[in-house]
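Chain by chain, the residues run as shown.
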Amino acid sequence: MEKYDLMSDKAQNFINPQEVSFTLNYAKRYCNDPFMVNFILDKARAQKGLTHTEAAVLLLCEDESINAQIFRLAEQIKEAYYGNRIVLFAPLYLSNYCVNGCTYCPYHSQNQHIFRKKMTQEEIKAEVIALQDMGHKRLALEAGEHPIMNPLEYILESIDTIYGIKHKSGAIRRVNVNIAATTIEEYRRLHAAKIGTYILFQETYNKEDYERLHPRGPKANYEWHTEAMDRAMRAGIEDVGLGVLFGLHNYASEFVSLLMHAEHLEALYGAGPHTISVPRLCPADGIKTADFENALPDEIFLKIIALLRISVPYTGLIISTREGQRIREKALRLGISQISGGSKTSVGGYATHEAEPDSSQFEISDNRSLDDVVRWLMEQNHVPSFCTSCYGNGRVGEDFMAICKKQQIHNFCTPNALLTLKEYLDNYATPETKAIGERLLKAEKAKLSTNQKRVLQKRMNLLKEGKVVFF
Ligand code: SAM
């Protein structure tokens, strides 16, 4: 039997099934013990994170007053580490050809009726121009796994195309990449192509369910998939993004495993995950969520977000348009730091190929435009940010974590967020959004230190003259 070892790079050691069940049994035993729960909450108040075992105890705790304290603390930690900034991005689907058999995803190879499409570089250009015209600066590239249709060369060429497009005042400044697990050599090439974060959702950490849900293709190999982040980090990619697809397996075990994965990366490579995403299973072509037994109710979903914020305070938390406005509104307060807006999950969806049949991956619940999302954020006093400057300035991996852990990322991010918001308002916003934005900018500027105000004003003047340099 394999042993738990967070320093090992073997999936069976760092996501050790015995450790997961031991943790859940321990959590069941102590989750309603007031002394234990308060002890953990006190530790959490130091805002330095919790271990997977401590977090599991809080997750299973059913005491309403403790849960209220967990939510309050998550809000405080969010404020301390990230302030009121929310980073915006959009997914860009390059190709939905796929050789895998993921039973929850309509791109699986045996789906004969979904419209398959792989964009040409010209089509990618049209998509990126459409995204730039919305005001986006940061993309998450998505593609099915298909060695012939979507080889790494295609992904690399597409990244190059995307970074190269400068349309009007638009530019994509950070390309995050969500493609299938691959070799160290291919991760090296992605790193050399200047990707931002390498994102790979684990789907489920439970090996048995993983193998059942992935019956075919390279993704069927649990170890290959689970050890992918180790290969990516060894290849030099410093920012990696984790996530599980909630709904495939029981949430408590997924939550514990996700934190074990984060602890493993931090212990071995000096930097935990740059981001954690919290996707929940959505209906899609031929996919009914009712066919899956582990649907995650809203209240527990929100508690998981709050506990992730408390457990890994320095990790960005991402929520996509899989969730609707109401849940996103609550999740933002509890710790989410990045959201997508104006998203399409079909291949070629932004440049309106209306005549084409649907190629989308799943149904989204937030169909608002980016402008609507930006205005909605500001109406709740969040500062929408299009900033990519940490990445542009090399504040990645361990360096980013070191600044973030000292709660000093504010010093960099707040002025940069305001500058990129101003850029958005001047170039892309509707008059109504602009009016709200200008009021918010004024209020936020007033909160800055004298030095920050001076630097920001100088950069805003350069922005007006078209001379500001963004990273
Ligand atoms: N091919 C890459 C891979 O295998 O990791 C990228 C996958 S896909 C483009 C991005 C993610 O969408 C998947 O990792 C999965 O978690 C999620 N996804 C797939 N089907 C979904 C569904 N029905 N509802 C919500 N998310 C889904």
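Coordinates for the structure precede this section.
The rules we used
- Every residue gets a number counted from 1 within its own chain, in the order that chain's sequence is written.
- Confidence filtering applies because this is a predicted model: local features only for residues at pLDDT of at least 70, side-chain atom pairs given and counted only at 80 or more, and all residues used for totals across whole chains, interfaces and linings.
- Side-chain metrics in this entry use all non-hydrogen atoms of the structure; hydrogen atoms and water are not considered.
- Any Lys or Arg side-chain nitrogen located within 4 Å of an Asp or Glu carboxyl oxygen qualifies as a salt bridge.
- Each helix is a run of H or I in the DSSP string that is no shorter than four residues. Each strand is a run of E no shorter than two, and both are numbered from the N terminus.
- Burial status follows relative accessibility: with a 1.4 Å probe on protein chains alone, a residue under 20% of its type maximum counts as buried, one over 50% as exposed, and anything between as partly exposed.
- Strand pairing follows a simple DSSP-based rule, namely that at least 2 bridges must link the two strands.
- Handedness of a crossover is defined as follows: orient the strands so they point away from the viewer, and if the path from the first strand over the helix to the second runs clockwise, the crossover is right-handed.
- Throughout this description, a polar contact denotes any pair of N or O atoms lying within 3.5 Å of each other; where both atoms belong to protein, one of them has to be capable of donating a hydrogen while the other can accept it, and for residues adjacent in sequence the pair is counted only when both atoms sit in side chains.
- Two residues qualify as a contact provided that any one of their heavy atoms is within 4.5 Å of a heavy atom in the partner residue.
- Note that a disulfide, as used here, is simply two cysteine sulfur atoms within 2.5 Å.
- Only centres within 6.5 Å qualify two rings of Phe, Tyr or Trp (six-membered ring in Trp) as a pair; their planes then separate them into stacked at under 30 degrees, edge-to-face at over 60, and tilted for everything else.
- Of the grid points, spaced at 1 Å and generated over the protein atoms alone, those admitting a 1.4 Å probe that cannot get out make up cavities, while open sets with protein on both sides within 12 Å along at least five of seven lines make up pockets; any residue with an atom within 4 Å of a point is treated as lining.
- Grid points are joined across faces, edges and corners, and a volume is the space filled by probe spheres set on the points.
- Classes in brief: Ala, Val, Leu, Ile, Met, Phe, Trp, Tyr, Cys and Pro nonpolar; Asp, Glu, Lys and Arg charged; the others, Gly included, polar.

1. Some points on the pattern of salt bridges
Point 1. Scanning the entire structure with this criterion turns up 27 salt bridges.
Point 2. Taken together, the salt bridges that share partners define one network made up of Arg280, Asp298, Glu323 and Arg326.

2. What about unusual backbone geometry?
Point 1. Even without glycine at this site, Lys168 takes up a positive phi of about 50°.
Point 2. Mapped onto the fold, Lys168 is located in the loop between α7 (152-164) and β3 (174-178).
Point 3. If you check the backbone angles, Glu203 has positive phi at about 70° while not being a glycine.
Point 4. Note that Glu203 resides in the loop between β4 (198-199) and α9 (207-213).

3. A word on the pairing of strand β2 (residues 138-143)
Point 1. Of all six residues in β2, six are buried, a share of seventy percent or more.
Point 2. With burial as the criterion, each face of β2 is covered, one bearing Arg138, Ala140 and Glu142 and the other bearing Leu139, Leu141 and Ala143.
Point 3. Pairing geometry for strand β1 (residues 85-95) and β2, over five bridges, is parallel. Paired with Ala90 across the bridge in β2 is Leu139.
Point 4. Viewed along the sheet, the connection from β1 through helix α6 (residues 121-134) into β2 turns out right-handed.
Point 5. For β2 and β3, the ladder comprises five bridges, and the chain directions are parallel. Counted as the bridge partner of Leu141 is Val177 from β3.

4. Comments concerning the side chain of Thr161
Point 1. By the element assignment, Thr161 lies in helix α7.
Point 2. Engagement of the side chain of Thr161 in a polar contact is seen with the side chain of Gln121, the distance being 2.5 Å.
Point 3. Residues within four places of Thr161 in sequence aside, it is in contact with Gln121 and Ile124.

5. Considerations on the state of the cysteines
Point 1. Applying the stated criterion across every chain yields a total of zero disulfides.
Point 2. Free of any disulfide, Cys98 has its nearest cysteine sulfur in Cys102, 5.9 Å distant.

6. Observations concerning the environment of Lys447
Point 1. The topology assignment puts Lys447 in the loop between α19 (431-446) and α20 (450-464).
Point 2. Within the local environment of Lys447, its side chain forms a polar contact with the side chain of Glu444, the two groups lying 2.9 Å apart.

7. Let's talk about the packing of aromatic side chains
Aromatic ring pairs are described here by two measures, namely the spacing of the ring centres and the angle between the planes.
Point 1. Overall, the coordinates contain eight aromatic pairs when judged by the stated rule.
Point 2. When the centroid spacing of 6.5 Å and the interplanar angle of 20° are considered together, the rings of Phe35 and Phe39 count as stacked. Of the two residues, Phe35 and Phe39 both sit in helix α3 (residues 34-45), four residues apart, roughly one turn of that helix.
Point 3. Classification of Phe35 as exposed rests on a relative accessible area of 66%.
Point 4. Ring geometry for Tyr210 versus Tyr222: centroids 5.4 Å apart, planes at 75°, classification edge-to-face. With a gap of twelve residues between them, Tyr210 in helix α9 and Tyr222 in helix α10 (residues 222-226) connect regions that are remote in the sequence. One exposure class covers both Tyr210 and Tyr222, and it is buried.

8. With respect to the layout of surface pockets
It is the rolling of a water-molecule-sized probe over the atoms that shows where space remains empty.
Point 1. Reported here for the largest pocket is a volume of approximately 530 Å³.
Point 2. Of the residues contributing to the lining of the largest pocket, the split by class is ten nonpolar, 13 polar and seven charged.

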